[in-house]
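Close look at the chain arrangement
Read off the chains here:
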Amino acid sequence: PLTGQMRPLRASRIQEKQKSCGMRLVMESALTARDRVGVQDFVLLENYNSEAAFIENLRRRFRENLIYTYIGSVLVSVNPYKELEIYSKPQMERYRGVSFYEISPHIYAVSDNTYRAMRTERKDQCILISGESGAGKTEASKKILLYYAVTCPTNDHMAALGDRLLQSNPVLEAFGNAKTLRNDNSSRFGKYMDVQFDFRGAPVGGHILNYLLEKSRVVHQNHGERNFHIFYQLLDGGEDDLLITLDLERNPQKYQYLVKGNCPRLSSVSDKNNWKVVMKALPVIGFTEEEVQKLLNIIASVLHLGNTQFGEGEEGETYITTETQIHHLSKLMGVDGSALGEALTHKKLTAKGEEMISPLSFEQALSARDALAKAVYGRTFTWLVEKINQSLALKVHSKGSSVIGLLDIYGFEVLQHNSFEQFCINYCNEKLQQLFIELTLRSEQEEYETEGIAWETVQYFDNKIICDLIEEKHKGIISILDEECLRPGETCDVSFLEKLEDALGGHPHFVTHKLANGKTRRVMSREEFRLLHYAGEVNYNVNGFLDKNNDSLNRNLKEVMCQSDNQILQHCFRREEVIDQKRPEMAATQFKNSLMKLMEILMSKEPSYVRCIKPNDAKQPGRFDEVLVRHQVKYLGLMENLRVRRAGFAYRRRFEAFLQRYKPLCPETWPNWHGRLSDGVSTLVSHLGYKPEEYKLGRSKIFIRFPKTLFTTEDALEAKKPEIGCLGVLYMHVCVCVVIVIQSGWRGMKARRRAKRRRQAAELIRRFIKGFIYRHEEYCPENEYFLDHVRYSFLKNLRQNLPKSVLDKNWPTPPPLVAEASEHLRRMHMRNMTLKYCRRVQPEWKKQMMQKVEASKIFKDQKDSYPQSVGRLFLDSRLEREQINLKVVQTLGNDKVQYGVSVIKYDRRGFKPRPRQLLLTNTFAVLVDRTKIKQRMDYSAMRGISVSSLSDGVFVVHMPSEDNKQKGDVVLHCSHVIELVTKLAMMANKVSYVNISPGSIRFAVARGKEGIIDFVRGSELKVAKGKRGHLLVVSQRLY
Ligand SMILES: Nc1ncnc2c1ncn2[C@@H]1O[C@H](COP(=O)(O)OP(=O)(O)O)[C@@H](O)[C@H]1O
Ligand SMILES: [Mg+2]
């Protein structure tokens, strides 16, 4: 029914968001629909007394991967055993600042709610995470930390704190977690962590308290279990050099302390990768290189201790058989080897004020060795936690800081064989249950009483009786255990059991084999005692209880360790401990005391709860083992929890807080209520339409029975927020007025601007159309805009499409209007480009070009062979220097040869061909026959040059015949006729005197006679005497 009522409100909120993120909305609404499998809050369960309905709801949600469900403000979490896509940053954002009940249950909602409660109520908070081993407690605590690290504001000083908080996790897990049958990464110590926040809500410090590390694991592991991760990480991930310095081998099977569980590797965990993570994290949380080295020395020495073996001599004396191990140990622990060997095989006693040394038996030596290993590892772990605490410590004192505590502590444990450790763990869980009862059930009931509200009493099991059974002074199990440990004379585990029977026989929660009835006897061994915990019955085997409680280390071993030069060991084994004769506290008592302190810490804070449930024992995703879950639901007290929630009121607040928050929802209470607080609340809720069965008014608080009532009120407030802001009404009115004025002014201005722009646009379009109609008319007011536009467009287009090189002949076609201008521009552009081109031309090339230009002027379209010559470069000379006879050069003297070429000279009569060289100087040309200059032709006297229009190389140089020196016209043939004639004409400055004759050339023969050369086209070049005494030149046809 409730979800139905919430829907419209939620929908309206979603619509608001819709504008900004349409895509997300689709996803979210799908998500919300999916989230409605079963009920999100057990309080809404129809049949809230039925355990079956409870479990069915868990199962239905689990099947849809909805692992979180509320019981009021308690979060129930079922381990999915697979990665879910619900922990991303956008998910964090989704939960940030959103009302608890508004959105699907999540660990982030608890995190956020706790954080906001801390901020708004300025009260320290704690989140208690409980559940059995493998239920997901540690994962939950990590998610909470991550949520804070990502979403909280950061403080400049402590920017790296979040990082350090997160990095401390892998380190603690490496040293304090191990694979057990239940959990591949089981925390073997209890952890309470405080995160401190400054007044702005930025995390600024942290502190960790550790509880009872399971040290026995260092020397022994059950089948299928492992020692602490760090040993395997070191062996798998450590570099070769490191292992050599630590005298270690890579194979874990070589180490006695690692082979007991017969499980060196884990499929789910990569030791090598985790090693890298740990080694990276250590410097981040403030470990120096030296400290890391010392730490690893200790880890290695624990392994070497495990391999230290003893032998038994003929007279029963014990000696060490593995001297190399002692050597390694002495090096790594920085202790004296022989003293260590002595201390491992002897013990020091003080009797009647005298010190005595007595040898240890073989078994005693083994247990002394194991005790040392446990002590070294356990104390090093404590040192590690202290070290992390230093790194997390609040560096700058921050005023008004508050704290959120996270408790991740071993859950209730029932194994096949339960020993001292399980006893302590289960005791701890009894205490936590007691705290839960204290803080929720009883305090709830008491509160109703003090508020004068009647309610039906909820029947719940108060486990105080079990706590007392364990911890009561002089009478409790712990006291009896301590007594037995201290009692002089022969003591053993069995005598302890007898003492228990004597003192506790008849207690309703305590049974032993002897005290039990026949049925129970059958399932108990003689060495066991059974406690009836609030969560169920557990049999504890007394074997080892005394030893573990004693946790003693021979004094001479302590002495040796005190003298270590390893700083960490120095810190762990204090001199005072050896000198101090007072017996240290027994392990169980120590644990009891630390639990008491923890309870005090937790009591002073506002608690939230995360209850973790393990769906199956096989660590498999998607499997929901009903029997297993029912058991957990029972001992977590979830049904009781639900009953209380439903019987009582889901929500309560002091009048002033309630009124302060919700007063804007009622005109009478807004902005201030001046009467009595209870009257104000009363007026407010009647205005809101609360029905009498939905709420009660106590002496100082209002109690609201159903969450839905509160949701509706919260939503109404949310809807009202934009209107009210957080200002007083007057201020608000003023603001509203100002806003309205500004708004209307602004809107008016915007509207006017828009209208003006629209008008302008319309006008423009009209002019354009008119211009188009008149476009062929003379330039006039009707078409001026259009024509300007055409011109402008053409020029703009032209600018972008100008030809880029002289050879590019493209030019945009101009509209008729600008044809003339376009032509001008084209020429200018071309000239410009040519000029630019010419400027870049080298002198050599320039000369070539000039000659080519002249050749073009003379021959272009005149002579057949001209086009062929265009592509060929004119050479400076066709004769090498040595081809010209030295005598000729001498004869020429100062007139240097500028160009030379081989030619054939035809006699004017008879046309006999004679090979000659034609040399050009600056002022004349000469015809040379080897060493002799046969004819000199002065340029000044030259009358012209004739060539045919065909492709032959024949040409005539016309010279005056009357001048004897010049000897008259010369008929020549040259294969480079275009080049030669061009050069000759240019040098003689007679370009215009070159004459191109199509059919024939007439030339002067001496004394007024004429010769004729006829030109015809033929298949191949031929120069020969023809008809009528003419010279016939057959030119090759060019195709
Ligand atoms: N929320 C979760 N999502 C995915 N896997 C989880 C989640 N919680 C727990 N697990 C899985 O269960 C294992 C045991 O969880 P853990 O928190 O170590 O248990 P506990 O601390 O209660 O003993 C984890 O190593 C992880 O594989
Ligand atoms: Mg854990």
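Conventions and cut-offs
- Residues numbered from 1 in each chain as written.
- Chains lettered and ligands numbered in written order.
- Predicted model: local features only at pLDDT ≥ 70, side-chain atom pairs only at ≥ 80, totals over all residues.
- Heavy atoms only, no water.
- Axes fitted to C-alpha atoms, helices over the stretch in contact; angles between N-to-C directions.
- Helix = DSSP H or I, 4+ residues; strand = E, 2+ residues; numbered from the N terminus.
- Parallel < 35°, antiparallel > 145°, perpendicular 65-115°, else oblique.
- Left-handed = near helix turned anticlockwise from the far one by under 90°.
- Contact = heavy atoms within 4.5 Å.
- Nonpolar A, V, L, I, M, F, W, Y, C, P; charged D, E, K, R; others polar.
- Donors = N, O, S within 2.8 Å, 3.2 Å for Na, K, Ca; no water.
- Buried < 20%, exposed > 50% of the residue type's maximum accessible area, 1.4 Å probe, protein only.
- Phe/Tyr/Trp six-rings, centres within 6.5 Å; stacked < 30°, edge-to-face > 60°.
- Lys NZ or Arg CZ within 6 Å of the ring centre and 35° of its normal.
- Pairing = 2+ DSSP bridges.
- Near = heavy atom within 4 Å.
- Polar contact = N/O pair within 3.5 Å; in protein donor to acceptor, adjacent residues only side chain to side chain.
- Areas by Shrake-Rupley, 256 points an atom, 1.4 Å probe, with all protein chains shown as cover.
- Domains from an automatic or database assignment.

1. Some words on the packing of helix α16 (residues 362–392) against helix α23 (residues 555–562)
Their axes nearest at 11 Å, the elements α16 and α23 cross at an angle of 45°. Judged by the inter-axis angle, α16 sits oblique to α23. The two elements α16 and α23 meet at a crossing, and its hand is right-handed. Mapping the contact onto sequence places Ala 368, Leu 372, Val 376 and Arg 379 in α16 and Leu 557, Lys 558 and Met 561 in α23. Across the contact of α16 with α23, the residue classes tally to 5 nonpolar, no polar and 2 charged.

2. Overview of the coordination of the magnesium ion (ligand 2)
Coordination of the magnesium ion (ligand 2) by the protein is provided by Thr 138 (OG1) and Ser 187 (OG), with metal-donor distances spanning 1.9 to 2.1 Å. Within this pair, whereas Thr 138 is found in helix α6 (residues 137–151), its partner Ser 187 is found in strand β5 (residues 186–187), the two being separated by 49 residues in sequence. For the pair Thr 138 and Ser 187, a shared accessibility class is recorded, and that class is buried.

3. Details of the packing of aromatic side chains
Per the stated rule, a full pass over the model turns up 29 aromatic pairs. With a centroid separation of 6.5 Å and an interplanar angle of 70°, the aromatic rings of Tyr 95 and Tyr 108 are classed as edge-to-face. In this pair, Tyr 95 sits in helix α4 (residues 89–95) while Tyr 108 sits in helix α5 (residues 107–121), placing the two residues 13 residues apart along the sequence. Neither residue differs from the other here; Tyr 95 and Tyr 108 are each classed as buried. Note on Tyr 115 and Phe 197: the rings are 5.4 Å apart at their centroids and 65° apart in plane angle, and the pair reads as edge-to-face. With Tyr 115 in helix α5 and Phe 197 in strand β6 (residues 190–197), this residue pair connects regions lying 82 residues apart in the sequence. The same class applies to Tyr 115 and to Phe 197, which are both buried. Three or more aromatic residues link up through ring pairs in this structure, and these residues are Tyr 87, Tyr 95, Tyr 108, Tyr 115, Tyr 147, Tyr 148 and Phe 197. The residue whose ring lies beneath Lys 143 is Tyr 87, and the NZ or CZ to ring-centre distance is 4.1 Å. Looking at Arg 226, its charged tip hangs above the ring of Tyr 232, at a distance of 3.9 Å from the centre.

4. Topic: the pairing of strand β7 (residues 203–211)
Here 8 bridges tie β6 to β7, and the two strands are oriented antiparallel to one another. Bridging from a neighbouring strand, Gly 190 pairs with Tyr 211 of β7.

5. Description of the packing of helix α3 (residues 51–63) against helix α27 (residues 626–635)
Where α3 contacts α27, the axes come no closer than 11 Å and their chain directions differ by 115°. The hand of the α3/α27 crossing is right-handed. Contact residues: α3 offers Glu 51, Phe 54, Ile 55, Leu 58 and Arg 59, while α27 offers Glu 626, Val 629, Arg 630 and Val 633.

6. Some thoughts on the site of ligand 1
Neighbouring residues of ligand 1: 16 residues in total, closest Asn 79, Gly 134, Lys 137, Thr 138 and Glu 139. Contact distances for ligand 1 include 2.6 Å between an oxygen atom and a side-chain N or O atom of Thr 138. Measuring from an oxygen atom of ligand 1, one finds a backbone N or O atom of Glu 139 at 2.8 Å. Protein chains bury 87% of the 550 Å² of accessible surface belonging to ligand 1 in isolation.

7. Observations regarding the side chain of Thr 713
Examined against the element boundaries, Thr 713 turns out to sit in helix α31 (residues 707–724). For Thr 713, a relative accessible area of 3% translates into the label buried. Discounting chain neighbours no more than four positions away, the residues touching Thr 713 are Tyr 662, Leu 665, Leu 688 and Tyr 690.

8. A few points about the domain arrangement of the protein chain
Each domain of the protein chain was delimited in the assignment, giving domain 1 (651–716), domain 2 (783–840) and domain 3 (845–1036). Measuring from the centre of the C-alpha atoms in domain 1 to the corresponding centre in domain 3 gives 124 Å.

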